[in-house]
Amino acid sequence: QVQLVESGGGLVQAGGSLRLSCAASGRTFNNIAMGWIRQAPGKEREFVAAISWTGGSTDRAASVKGRFTISRDNAKNTMYLQMNSLKPDDTATYYCAADPSRNRIVAGTAAYWGQGTQVTVSS
């Protein structure tokens, strides 16, 4: 079993920055990909970014390319999402996800999920 705990959400003005963290615990993390999915009120869940176990491969949604950077520190069992140039459209609950398959994270069908952290961007 894997437990994922997100932190770092909050209220920020448009153009501002936030860094989300996802701390993982509960099992070995060898070959576990991780990622971020978000859901805005009344909308479907949307893939944001994913990162391979080694950190050597990443995927990002077109809507966040150039603004969001995903990274991980396996020594700390923690993943990060640096979000810059935030827009009101980025307002959502951001969920951390983990799975042996990065493709399942992209598809929104990851095996493990956190409880989510709220990000609100004011205009």
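The rules behind the values
Residues numbered from 1 in each chain as written. Predicted model: local features only at pLDDT ≥ 70, side-chain atom pairs only at ≥ 80, totals over all residues. Heavy atoms only, no water. Helix = DSSP H or I, 4+ residues; strand = E, 2+ residues; numbered from the N terminus. Contact = heavy atoms within 4.5 Å. Phe/Tyr/Trp six-rings, centres within 6.5 Å; stacked < 30°, edge-to-face > 60°. Lys NZ or Arg CZ within 6 Å of the ring centre and 35° of its normal.

Turning next to the environment of tyrosine 95. Along the polypeptide, tyrosine 95 turns up in strand S9 (residues 92-99). As a C-alpha pair, tyrosine 95 and glutamine 118 span 23 residues in sequence and 8.9 Å in three-dimensional space. Excluding residues within four positions of it along the chain, tyrosine 95 makes contact with Glu6, Gly35, Trp36, Ile37, Gln39, Arg45, Trp113, Gly114, Gln115 and Gly116.

Further remarks concern unusual backbone geometry. Of note, the phi angle at asparagine 77 is positive, near 50°, even though the residue is not glycine. Mapped onto the fold, asparagine 77 is located in the loop between strand S7 (68-73) and strand S8 (78-83).

So, on to the packing of aromatic side chains. For the coordinates displayed, the defined rule picks out zero aromatic pairs. For arginine 45, the ring lying beneath its charged end belongs to tyrosine 95, and the centroid distance is 4.6 Å. The positively charged end of arginine 45 is found above the aromatic ring belonging to tryptophan 113, 4.5 Å away from the centroid.

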